[in-house]
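Structure at a glance
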Amino acid sequence: MRIRVQATIEKAFREAVAEGVFPEISIPASHQVVCPRQEAFGDFASNLALVLASKARRSPRELAACLAERLDDDPLFNRVEVAGPGFLNLSIAPIWWQKNLYTMWEAGDSYGDSDVGKGRRVQVEFVSANPTGPLHVGHGRGAAVGDSLARLLKAAGFDVEKEYYINDVGNQMKTLGSSVYLRYLEHFGHKVDFPREYYQGDYIKDIASDIASREGDKYVDVPLDLCLTLFIDAAVRYISHSIHRDLQDFGVYFDSWFSEKVLHDTGFLVKTISELQARGYIYEQDGALWFRSSELGDEKDRVVRRSNGIFTYFAADIAYHRHKLERGYDLLVDIWGADHHGYVPRVKAAIKAQGYPEDRLRVLLVQLVNLMEGGRPAAMTTRGGEFVTLREVLDDVGRDAARFMFLTRRCDSHLDFDLDLVKSQTQENPVYYVQYAHARLSSVFRKARDKGISLADPGHIDVSLLNTPEEIRLLKQLDLFPCLVAESAIALEPYRISYYLTELAGQLHVYYNRHRFVSDDPDLTQARLFLADVTKRVLHKGLGLLGVSAPDSL
RNA sequence: GCCCCCGUAGCUCAGGGGAUAGAGCACAGGAUUCCUAAUCCUGGUGCCGCAGGUUCGAAUCCUGCCGGGGGCACCA
């Protein structure tokens, strides 16, 4: 509707120019049609007169008055006013909102979908937690954001793939294997000195006793360097399995799992680095290989191969991103923890060095979750041993509440996740507010069916009966949905959906308390059930974009 | 020291050039013969961190400062 209003205003302006009423000036990009904060200002407000005033050398109010006169006759509007410094405030005639319901209904389950993505291929890479421990709450936030974003992009007409990058190479793997080995020795009664920098969590002991029960004590007398690989493999297998299970229970699925090890084993990493070297982006100094990232926007050059001959994690990342680029995506989205922000310029440098525009990659930094327990921050490091896992949160509050919670904030703001609050007051959680709205509407239809009433063919429904302020407000909110989905997708901001849904649910609750859907008036009942049907569908669709269920009863 | 994010109501946060800055929570009171009271209604709060600048207009953009968080390895 907003787009239609904007087009109508701009058409009126061009006509006025053609008739010589206004001097010949083009409409600036700063022309905006917005929904004003206050209802008294109408449904839409245009700043066209304000942004034209200086060029037209006329007062904004005078320009606005001229435009208002022309728009007044348009049947789309029932009120056009000049207000404040020169705003054009416009009220849509109710019939347009009401008739809109047919369009929404016809769109069915695809209402909200659009083709702004034009089928462009997008890859969203997220979670990508190292297989050295269970997923914690912070990973949960990344998982919720990434998965919801993928759903949004899909609805907006992008061709989306989700990928998980597994860092299964490097020192951390040695540390992991060694940690398990020591716990294995402990299992058989050996006294060991367990270093502080090793993985402290109890899951290490679980893996060790798992190996012990399967293989017995045959590795007790084998030196670590001879059996390290075995311990690493067992640990990675065990942990990966638990990560898969956690994500599955969280409702998050990936199209592909990409192993860093593959980049090393296939020689792709070496090939990538040597090609960069041939093109002058890599040089040798102090026995190490350096990437000239400082010439590509990073603050300094970065080591890709240490003087001991081992490639850095960053080298693998260069190769990984090249691999992604060569797979032909139009856009790469990486979702990282905000503690990796210093990494953005060097990865962008790697993108540029390989001849791609840097905006081919967009990095979403998800701020860490401040986990609160008993009014105190709770520790959350994998090595510290004391951390709250995603599993624990899932068991405590459930998938829906957890996902919604993670998506109620912009991802670059810190999120306080108060375990006590979430555990003890689950009914205060906003997710139930939205789900309840959906359940209430389901209940309305159950009740109607009990009375032998079913929704008639829309062609026989008189939508003009939907004329209370609450109904018009609902119709307006429903109208916003497709635009919101498209804009949130392009901005990569899934949290906007949760705000919208809370607002829509609120309007439904207000309406529900003031009016009855099912009444003695058959025509009115039909019209209201029609509204209920579309509202229910938008709630369902919106919750689906967040990966949250829409129950028929609570 | 340098870089990134944040600073808005008692708390958690929306709003990110536009008119009188909003919501939830918390607090107090009220609403159900009738579609689910996990709901609704009523009640009041703000130097929008500070100081400059940009302009018709700044919570919003720019600069500096203050405060909080995070990051600055030949670690991963």
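Nothing here was measured: the structure is a model prediction, and the numbers come from that model. (Residues numbered from 1 in each chain as written. Chains lettered and ligands numbered in written order. Predicted model: local features only at pLDDT ≥ 70, side-chain atom pairs only at ≥ 80, totals over all residues. Heavy atoms only, no water.)

Considering the sheet that holds strand β11 (residues 331-337)
How we decide: In this analysis, strands are considered paired if DSSP registers two or more bridges between them. Helix and strand assignments follow DSSP, with helices taken as H or I runs no shorter than four residues and strands as E runs no shorter than two, numbered in order from the N terminus. Note on geometry: axes are lines fitted to C-alpha atoms, helical ones only across the stretch in contact, with angles between N-to-C directions running from 0 to 180 degrees.
Taking strand neighbours across the sheet as the criterion, the five strands line up as β7-β6-β5-β11-β12 in an open arrangement whose pairing is parallel. Each edge of the open sheet is held by one strand with a lone partner, namely β7 (256-259) and β12 (361-366). Sheet twist, expressed as the mean angle between neighbouring strand axes with direction ignored, is 25 degrees. Note that strand β6 (residues 159-166) and β7 share four bridges and pair parallel. Opposite E163, over in β7, you have S256 as the bridge partner.

Examining helix α1 (residues 2-18)
As a reminder, the rule being used: Multiplying 1.5 Å by the residue count of a helix minus one yields the expected span of that helix. Remark: exposure states derive from per-residue accessible area (1.4 Å probe, protein chains only) relative to the maximum for the residue type, with buried under 20%, exposed over 50%, and partly exposed in between. Residues are treated as being in contact if the distance between any of their heavy atoms lies within 4.5 Å.
Counted at 1.5 Å a residue, the expected span for α1 with its 17 residues is 24 Å, and the 24 Å between its end C-alpha atoms agrees. If you check which residues of α1 are buried, you get V5, T8, I9, E10, A12, F13, A16 and V17. Among the structural elements, β1 (33-34), β2 (44-46), α2 (48-56), α3 (60-71), β3 (77-83) and β4 (87-92) are those in contact with the buried residues of α1.

Quick notes on the sheet that holds β1
Remark on secondary structure: sheet strands pair via backbone hydrogen bonds, oriented parallel or antiparallel. The strand order across the open sheet formed by four strands is β1-β2-β4-β3, and the pairing between neighbours is antiparallel. Only two strands of the sheet have a single partner each, and these edge strands are β1 and β3. By the bridge criterion, two bridges tie β1 to β2 in an arrangement that is antiparallel. The residue of β2 that forms the bridge with V33 is S46. Packed on one face of the sheet, α3 meets β3 and β4 and runs near 170 degrees to β3.

Topic: the confidence of the model for chain A
Caution is warranted with low-pLDDT regions, since their predicted coordinates should not be read in detail. To be explicit about the condition: pLDDT gives the predictor's per-residue confidence on a scale running from 0 to 100.
Averaged over every residue, the pLDDT of chain A is 89; the share at 70 or more is 95%. Taken together, the stretch residues 379-386 has pLDDT below 50 and engages in 25 contacts with residues farther than four places along the chain or on a different chain.

Observations regarding a negative patch on the surface
Definition in use: Two joining distances apply to patches: 9 Å for like charges and 5 Å for nonpolar side chains (Val, Leu, Ile, Met, Phe, Trp, Tyr), and every residue must have over 30% relative accessible area and no salt bridge. Areas reported as accessible are Shrake-Rupley estimates using a 1.4 Å probe. Residue values count occlusion only from the protein chains shown. Should a side-chain nitrogen of Lys or Arg be within 4 Å of a carboxyl oxygen of Asp or Glu, the pair is scored as a salt bridge. For the purpose of charge, His is not counted, nor are the chain termini; Lys and Arg are scored as positive and Asp and Glu as negative. Every charge is mapped onto a representative atom, which is NZ of Lys, CZ of Arg, CG of Asp or CD of Glu.
Side chains of D462, D520, D521 and D523 sit close together on the surface and give a patch of like negative charge. Counting through the fold element by element, D523 comes out in helix α18 (residues 522-546). A residue is classified by how much of its surface remains accessible, and D523, at 53% relative accessible area, is exposed.

Some words on the domain arrangement of chain A
For clarity, the cut-off: Each domain's extent was defined by an automatic or database domain assignment. Accessible-area loss on putting two parts together, using a 1.4 Å probe and summing over both, is the definition of buried area adopted here.
Assigned domains within chain A: domain 1 (2-92) and domain 2 (98-113 + 430-545). Centre-to-centre separation of domain 1 and domain 2, based on C-alpha positions: 31 Å. Taken residue by residue, the interface counts five residues in domain 1 and five residues in domain 2. Contact between domain 1 and domain 2 buries roughly 380 Å² in total, counting both sides, with carbon and sulfur atoms accounting for 42%. Contact with domain 2 buries surface across domain 1, with R2, E39 and D43 losing the most and accounting together for 74% of the total. Our count for the domain 1 to domain 2 interface comes out at two salt bridges.

Some details on helix α16 (residues 469-491)
Heads up, the condition is: A residue's bend is given by the angle between axes fitted to the 7 residues ending at it and the 7 residues starting at it.
Relative to the 33 Å expected for 23 residues at 1.5 Å per residue, α16 spans 32 Å between its end C-alpha atoms, a close match to the ideal helical length. Most pronounced at F481, the bend in α16 amounts to some 35 degrees, and the proline P482 follows within four residues. Two residues or fewer past α16, L492 is found with a positive phi of approximately 55 degrees.

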